[in-house]
Amino acid sequence: MTKKSKRESRRRIFDRAYNVYAFLMFTFLYIPVVVMIVFSFNNSRNNTIWEGFTTDWYGVLFEDADIWIILGTTLIIAIISTILAVVIGTLGAVGMSKAKFIGKTFTATILYIPIVIPEIVLAVATLLVVRQGGIGLGLVAMILGNTTLILPYVFITVKSRLAGMDPSIEEASLDLGADRGYTFVHVTIPAILPAIVSGGFMAFTLAVDDLIISNFLANAETVTLPIKIYSQLRRGINPEINAISTLILLAFFICIGFFLLASRIREGRKRRLEQADDAEI
Amino acid sequence: MTEWIKNPEIPAENDMIVSLLNVEKWYGPVHVVKNMSMHIRRGEFLTLLGPSGCGKTTTLRMISGFEEQTSGLIMIENENVDMKEPYQRSVNTVFQNYALFPNLNVYDNIAYGLKVKRMGKAEIREKVEAMLELVQLKGFEKRRVDQMSGGQKQRVAIARALVNEPKVLLLDEPLGALDMKLRKQMQLELKRLQKKLNITFVYVTHDQEEALTMSDRIAVMNQGVIEQLDTPKNIYEKPGTKFVANFIGETNLFEAVITKKGEIATVGTECGNAQIFGDGIEEGENLYVSVRPEDLRFSDEPVEGFSIRARVKEFIYVGNITKMIAELPTGEDIKFARLHTGSLPEVSDLINVYWNIKDGIPIRIREEKTVTDLKNAI
Amino acid sequence: MVKKISNSAVAEKNKRKRKRKMLSNGILCAPIVIWSFLLIVLPLLCLLFMSFMTKGPMGTVRYQFSLESYATIFEPMYFTVVEKSVFIALWTTILCVLFGYPMAYFIARKGPKMSGVFMMMLMIPFWTNVLVVVYSFVIMLNNSGVINSILLFFGLADKPVQLLYTDGSIMIGMVYMLLPFAIMPMYSSIEKMDKNLVEASKDLGAGPIETFFRVTLSLTKPGIFAAVILVFVPCIGFYMITDMLGGGTSIMIGNVIYNQFTSARNWPFGSALSIVLAAVILIMLLVYTKIGGDLDDLGV
């Protein structure tokens with residue numbers, strides 16, 4: 001065997017081992033997900049031991065009005081918080097990339113706090129303000145808290161996208177006769193749209209999943225799914241919860257699937273048009 | 001207003017399309033543009049030429065409205081544009097890095113300005129098609145801009161600006177990112193476009209060859225000041241300042257003093273005497289004499305009126321021409337070019353240096369060149 | 001004289017124009033500025049204020065300055081909690097970085113398109129309720145769970161091994177929750193690294209292992225430190241994981257804070273603990289920015 005092929009084969013072994021490692025890591029991440037799905041079909045109320053297959057829990061789920069109210073509350077809070085975070089975060093990132101004012105760096109630094117301090121600290125701090133401010137616990141408080149938690153993610157992703165954007169395209173738009181508003185809508189927003197989408201998606205995921213802040217700020221009527229789950233921990237989580245979590249995951253996949261399909265179709269149409277152009281030339 | 005017209009340096013009002021009057025620009029403590037006054041004529045190709053940091057791009061951006069002058073006036077079509085935003089000015093810009101909208105295809109990029117003006121669909125189509133033909137990009141309408149080469153992107157950028165029928169097209173080093181061959185081709189195309197459309201071009205570059213090739217007039221800038229504003233021929237042949245002489249092409253500069261005035265004046269340099277045309281120059285005046293390498297001559301015998309001698313140091317063969325470097329007694333080098341391989345001296349030979357009197361260009365050391373009377377006119 | 005007037009007129013106009021631009025930027029910035037002051041700064045100030053108050057009878061607060069809450073932190077009982085928290089958080093951090101770094105490198109090597117897919121795959125468990133997903137570990141690790149069944153079946157153990165409700169099970173849950181957040185910043189710093197430097201190092205005679213330690217690792221240090229912060233900090237506060245997988249046998253600082261605001265109703269003490277926690281983390285961040293870390297890497 002030549003030296004070179006020896007090196008080659010050593011590299012191949014390394015690469016294979018590396019792939020196995022990555023596979024194992026993903027297995028670690030996905031086994032609990034699989035278990036969650038499998039145990040949504042578990043024929044047992046106390047969901048720790050497998051006692052046989054049933055689809056009953058999905059039936060129970062569809063008749064359980066409470067759980068749908070809970071899901072609704074969760075989604076309302078997550079959606080409103082995400083919209084608030086996306087609007088405020090995007091406007092802020094755009095404004096702060098241009099404006100100069102005292103305390104700008106300070107504000108930008110403050111916005112890292114919700115990311116870097118333990119969520120529980122933010123939660124109790126918000127609790128104190130909500131209590132003092134007379135807002136009271138419940139939906140509004142939860143939306144305020146969740147928005148604060150996820151706002152920085154939108155702000156930072158949009159900010160870094162803006163930093164990488166060519167500023168002259170905005171100037172080009174002004175130069176071509178568009179005023180600042182038109183430029184913002186037709187040039188700036190499209191350029192930072194990927195960041196808005198990915199930041200918003202991240203924000204939404206976190207808001208749907210949030211336990212700590214919601215738990216501190218909720219009242220008896222505004223139970224969210226994570227709060228419900230947390231309250232069941234001691235007795236063992238009901239398979240019904242597994243069932244609804246499985247459905248949520250499914251819903252996410254369907255949304256992403258549609259999104260990818262739509263963009264694939266758009267890409268494809270574009271490409272076909274271009275090929276047609278090329279053929280003409 | 002009327003007082004300006006009396007000034008011979010200022011063209012008649014309807015000839016000027018852009019005027020800068022005593023424009024100053026400070027970035028904090030940095031003085032970028034110093035008391036600049038300039039008149040750009042309708043339909044001309046004017047180039048702002050200078051090294052990086054000389055204020056040429058800032059000047060351009062003040063005309064387009066992206067920068068505000070600290071003081072002074074900018075007029076477009078005899079109208080003060082101080083209060084006009086970039087989108088209200090009848091000028092368009094071709095940006096250095098194209099600045100095409102990445103989310104739009106070629107057609108929509110070019111149509112952008114027309115759509116903003118809410119022009120009818122059919123009219124937009126007609127104009128964009130015509131523009132595509134003009135820049136030879138027909139058939140590329142639906143192409144995404146990130147799938148185009150640098151040269152094609154540049155054409156789109158030019159078409160996108162021109163379709164708005166601007167009074168003035170501002171070009172900020174538009175060919176900077178292209179390779180040499182494409183650059184030369186685009187230079188000619190731009191010039192052709194400009195002649196065809198008869199639009200005023202204000203072109204920024206640091207490439208003197210580009211400036212000389214394309215321009216009707218060149219404004220050579222240095223440290224925020226226009227050193228000379230003239231035709232390429234005059235800029236090259238009659239540099240007005242030491243900087244211009246050095247920046248445009250190669251030259252030999254002799255520090256000199258007028259020892260005898262007259263139609264043909266005698267100048268004394270550290271290494272000996274020489275002659276120049278002495279029109280309007282006073283005795284005792286200090287000046288530089290600039291002689292282009294290709295105009296510098298040498299001979300074995302002394303030439304009348306000249307007494308500069310030098311020692312041959314080195315020959316450089318550049319294809320079909322030979323350059324020669326010789327050392328003056330002061331230790332400075334002087335350059336000769338376009339030598340014919342006939343009778344070349346040997347290295348370390350002593351030669352007599354001279355030039356045709358018309359080739360010795362006097363560069364007078366003047367006070368800061370300003371159009372002082374303009375100040376009072378405003 | 002005339003010139004002076006015209007220049008001041010220009011300056012006046014410029015000022016007005018600038019003011020208009022400032023106003024439009026101000027409108028963009030106002031919401032985020034107001035929001036961050038009302039819902040980040042103000043709450044933290046309230047927390048600071050509360051931490052200096054006195055605990056009243058029956059879970060009330062007496063608005064009187066005292067340092068008693070801070071003194072309580074140093075009681076031996078809470079000291080063991082701090083010790084436990086640091087122990088678990090430290091190990092979780094080490095495990096996340098150790099296992100996460102090769103993953104980050106793996107993903108970064110795959111080219112932009114595949115990297116995106118892999119990064120999304122990391123986040124998929126978080127699309128649904130991650131608590132239910134983590135609860136799967138309770139299902140798997142309990143005395144009659146899958147793992148123990150396997151051990152018994154193959155005769156590797158003669159009676160069920162206590163896997164659940166141990167420090168180990170807490171750490172597994174924590175690592176599960178935090179691994180993606182460790183991989184993300186490390187991935188972005190590996191991805192940002194100039195690949196030519198690796199080749200330069202090899203060109204200069206360093207072997208692949210030496211190159212990794214001398215070049216790759218040292219260049220991606222900020223990403224590693226960001227990962228450390230993003231794992232260590234939340235770990236201390238994740239009381240629900242300790243609840244779920246620790247079974248109440250071991251408690252961490254997060255649990256103590258949680259209890260002060262719920263069952264124990266000692267708000268000043270809970271606030272003081274939170275403030276100390278926040279202060280420690282602030283110091284960590286200061287170190288992070290000092291060694292050249294970019295705060296932005298913490299967000300994406």
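Residues numbered from 1 in each chain as written. Chains lettered and ligands numbered in written order. Predicted model: local features only at pLDDT ≥ 70, side-chain atom pairs only at ≥ 80, totals over all residues. Heavy atoms only, no water.

Asker: Would you mind going over the overall build of chain A with me for this structure?
Answerer: The helix and strand tally for chain A stands at twelve helices and zero strands. When the helices and strands of chain A are read in sequence order from the N terminus, they spell out α-α-α-α-α-α-α-α-α-α-α-α. Taken over the C-alpha trace, chain A has a radius of gyration of 25 Å; the compact-globule value for 281 residues is 19 Å, which it surpasses by more than 25%. Taken over 281 residues, chain A has a buried fraction of 52%. Surface accessibility of chain A: about 13500 Å² in total, with carbon and sulfur atoms responsible for 65%. Charge-centre separation for chain A: the mean point of 25 positive side chains lies 12 Å from the mean point of 22 negative side chains. (Helix = DSSP H or I, 4+ residues; strand = E, 2+ residues; numbered from the N terminus. Rg over C-alpha atoms; globule rule 2.2 N^0.38 Å. Buried < 20%, exposed > 50% of the residue type's maximum accessible area, 1.4 Å probe, protein only. Areas by Shrake-Rupley, 256 points an atom, 1.4 Å probe, with all protein chains shown as cover. Lys, Arg positive; Asp, Glu negative; His and termini not counted. Charge placed at Lys NZ, Arg CZ, Asp CG, Glu CD.)

Asker: Honestly, the sheet that holds strand β15 (residues 296-299) of chain B in this entry has me stumped. Any pointers?
Answerer: The pairing of strands in a sheet comes from backbone hydrogen bonds and takes either a parallel or an antiparallel form. Residues and elements named next belong to chain B. The antiparallel open sheet is built from five strands, whose spatial order is β15-β19-β16-β17-β18. Single-partner strands in this sheet number two, and they are β15 and β18 (333-339). If you compare each strand with its neighbour and ignore which way they point, the axes differ by 45° on average. Sheet topology note: the strand β17 (residues 321-327)/β18 ladder contains five bridges and is antiparallel. Counted as the bridge partner of Glu327 is Asp333 from β18. (Pairing = 2+ DSSP bridges. Axes fitted to C-alpha atoms, helices over the stretch in contact; angles between N-to-C directions.)

Asker: What should I look at first to understand a negative patch on the surface in this one?
Answerer: Residues and elements named next belong to chain B. On the surface, a cluster of negative charge is made up of Asp300, Glu301, Glu346 and Asp349. For Asp349, the position within the fold is in the loop between β18 and β19 (350-355). Take Asp349: its relative accessible area is 31%, and that puts it in the partly exposed class. (Patch = residues over 30% accessible without salt bridge, like charges linked within 9 Å, V, L, I, M, F, W, Y side chains within 5 Å. Salt bridge = Lys/Arg side-chain N within 4 Å of Asp/Glu carboxyl O.)

Asker: How should I be thinking about the domain arrangement of chain C in this particular structure?
Answerer: Accessible area lost upon the coming together of the parts is a frequently used measure of interface size. Residues and elements named next belong to chain C. According to the domain assignment, chain C consists of domain 1 (1-51) and domain 2 (70-298). Of note, the centres of domain 1 and domain 2, computed from C-alpha atoms alone, are 40 Å apart. Facing five residues of domain 1, the contacting portion of domain 2 comprises seven residues. Linking domain 1 to domain 2 there are zero salt bridges. Here domain 1 is connected to domain 2 by one residue pair in polar contact (both at pLDDT 80 or more). Here the residues of the side of domain 1 that touches domain 2 sort into four nonpolar, one polar and no charged. (Domains from an automatic or database assignment. Contact = heavy atoms within 4.5 Å. Polar contact = N/O pair within 3.5 Å; in protein donor to acceptor, adjacent residues only side chain to side chain. Nonpolar A, V, L, I, M, F, W, Y, C, P; charged D, E, K, R; others polar.)

Asker: Sorry, what's going on with the sheet that holds strand β4 (residues 71-76) of chain B here?
Answerer: Residues and elements named next belong to chain B. Strand order in the open sheet formed by four strands is β2-β1-β4-β5, and the pairing between neighbours is antiparallel. With one partner strand each, in any of the chains shown, β2 (30-41) and β5 (79-80) form the two edges of the open sheet. Where strand β1 (residues 16-27) meets β2, eight bridges bridge the pair, whose relative direction is antiparallel. Looking at the pairing, Val18 lines up with Ile40 of β2.

Asker: Honestly, the interface of chain A and chain B in this entry has me stumped. Any pointers?
Answerer: Listed as interface residues are 25 residues of chain A and, on the opposing side, 29 residues of chain B. Across the interface of chain A and chain B, roughly 2400 Å² is buried in total on both sides, 55% from carbon and sulfur atoms. At the surface where chain A touches chain B, the tally comes to two salt bridges. The salt bridge partner of Glu85(B) is Arg180(A), with a shortest N-O separation of 3.0 Å. Linking chain A with chain B are eight residue pairs in polar contact (both at pLDDT 80 or more), by the criterion used here. For the side of chain A that touches chain B, the secondary structure elements donating two or more residues are α8 (168-175), α9 (180-209) and α12 (239-280) of chain A. (Buried area = accessible area lost by both parts, 1.4 Å probe.)

Asker: Mind showing me how you'd approach the interface of chain C and chain A here?
Answerer: Tallying the contact residues gives 81 residues for chain C and 87 residues for chain A. Buried area between chain C and chain A, both sides added, is near 7800 Å², and the carbon and sulfur share of it is 78%. Considering only the surface of chain C that becomes buried against chain A, Ile32(C), Trp35(C) and Trp127(C) emerge as the three largest contributors, covering 11% of it. On inspection of chain C and its partner chain A, the count reaches one salt bridge. In this structure, Asp15(A) engages Arg109(C) in a salt bridge whose closest nitrogen and oxygen atoms are separated by 3.6 Å. Where chain C meets chain A, there are 14 residue pairs in polar contact (both at pLDDT 80 or more). Ranked by residue count, the leading element in the side of chain C that touches chain A is helix α1 (residues 2-51) of chain C, at 20 residues.

Asker: How do you make sense of the pattern of salt bridges when you look at a structure like this?
Answerer: Pairing of side chains with opposite charge becomes possible as their charged atoms draw close. Per the counting criterion, the structure on display carries 31 salt bridges over all chains. One network of salt bridges, with partners in common, ties together Glu171(A), Lys25(B), Arg61(B) and Glu67(B).

Asker: Please explain the environment of Tyr63(C) as it appears in this structure.
Answerer: Residue and element names in this part refer to chain C. As for its position among the elements, Tyr63 is in the loop between β2 (61-62) and α2 (68-73). You can call Tyr63 exposed: its relative accessible area is 52%. In this structure the C-alpha to C-alpha distance between Tyr63 and Met50, which are 13 residues apart in sequence, comes to 8.3 Å.

Asker: When you look at unusual backbone geometry in this model, what are you seeing that I'm missing?
Answerer: What you tend to see is this: most non-glycine residues have negative phi, and most peptide bonds are trans. All names here are of chain B. Unusually for a residue other than glycine, Arg118 sits at a positive phi of about 60°. Here Arg118 is to be found in the loop between α3 (106-116) and α4 (121-134). Classification of Arg118 by relative accessible area gives exposed; the value is 70%.

Asker: Looking at this structure, I do not really get the packing of helix α12 (residues 253-261) of chain C against helix α13 (residues 267-290) of chain C. What am I missing?
Answerer: When two helices pack together, their arrangement is given by the angle between the helix axes and the distance between those axes. All names here are of chain C. Orientation of α12 relative to α13, taken along the N-to-C sense of each, is 150°, at an axis distance of 8 Å. Taken together, α12 and α13 sit at an angle that is classed as roughly antiparallel. For the crossing formed where α12 meets α13, the hand is left-handed. When α12 is examined against α13, the residues Ile253, Val256, Ile257, Gln260 and Phe261 are found in contact with a partner set consisting of Trp267, Phe269, Gly270, Ser271, Leu273, Ser274 and Leu277. Of the residues belonging to the contact of α12 with α13, the class tally is eight nonpolar, four polar and no charged. (Parallel < 35°, antiparallel > 145°, perpendicular 65-115°, else oblique. Left-handed = near helix turned anticlockwise from the far one by under 90°.)

Asker: Is there a simple way to think about the confidence of the model for chain C in this case?
Answerer: In low-pLDDT segments, the atomic positions of the prediction should not be examined closely. All names here are of chain C. Considering every residue of chain C, the mean pLDDT works out to 85; 93% of them sit at 70 or more. With pLDDT under 50 throughout, residues 1-5 is counted as low confidence; its partners more than four residues away or in other chains account for three contacts. Scored as a whole, the predicted complex attains pTM 0.81, and scored at its interfaces, ipTM 0.85. (pLDDT = per-residue confidence, 0-100.)

Asker: Would you mind going over the packing of aromatic side chains with me for this structure?
Answerer: In this structure the tally under the stated criterion is 43 aromatic pairs over all chains. Ring centres 5.1 Å apart and planes at 75° place the aromatic pair Phe306(B) and Trp355(B) in the edge-to-face group. One end of the pair, Phe306(B), is in the loop between β15 and β16 (308-318); the other, Trp355(B), is in strand β19, and 49 residues separate them in sequence. Between the aromatic rings of Phe49(C) and Tyr63(C), the centroid separation amounts to 6.3 Å while the plane-to-plane angle is 25°, which identifies the pairing as stacked. Linking Phe49(C) in helix α1 with Tyr63(C) in the loop between β2 and α2, this pair joins segments that are 14 residues apart in sequence. Cluster of aromatic residues (ring-pair linked, three or more members): Phe14(A), Tyr18(A), Phe26(A), Tyr30(A), Phe106(C) and Phe118(C). (Phe/Tyr/Trp six-rings, centres within 6.5 Å; stacked < 30°, edge-to-face > 60°.)

Asker: Please clarify how a nonpolar patch on the surface should be interpreted in this entry.
Answerer: On the surface, Val86(C), Phe87(C), Leu90(C), Trp91(C), Ile94(C), Leu98(C) and Phe99(C) cluster together into a nonpolar patch covering about 640 Å² of accessible area. Topologically, Leu90(C) is positioned in helix α3 (residues 76-108).

Asker: Explanation requested: a positive patch on the surface in the structure shown.
Answerer: On the surface, a cluster of positive charge is contributed by Lys4(A), Lys6(A), Arg7(A), Arg10(A), Arg11(A) and Lys202(C). Ranked by the residues each element gives to the positive patch, the list is headed by helix α1 (residues 3-38) of chain A, at five residues. Position of Arg7(A) relative to the elements: it lies in helix α1.

Asker: How do you make sense of the packing of helix α5 (residues 150-162) of chain B against helix α6 (residues 180-197) of chain B when you look at a structure like this?
Answerer: All names here are of chain B. With their axes 12 Å apart at the nearest point, α5 and α6 run at an angle of 15° to one another. Classified by the angle their axes make, α5 and α6 are roughly parallel. Note that α5 runs across α6; the crossing there is right-handed. Between α5 and α6, the residues in contact are Gly151, Gln154, Arg155, Ile158 and Leu162 and Leu182, Gln185, Met186, Glu189, Leu190, Leu193 and Leu197, respectively. Across the contact of α5 with α6, the residue classes tally to seven nonpolar, three polar and two charged.

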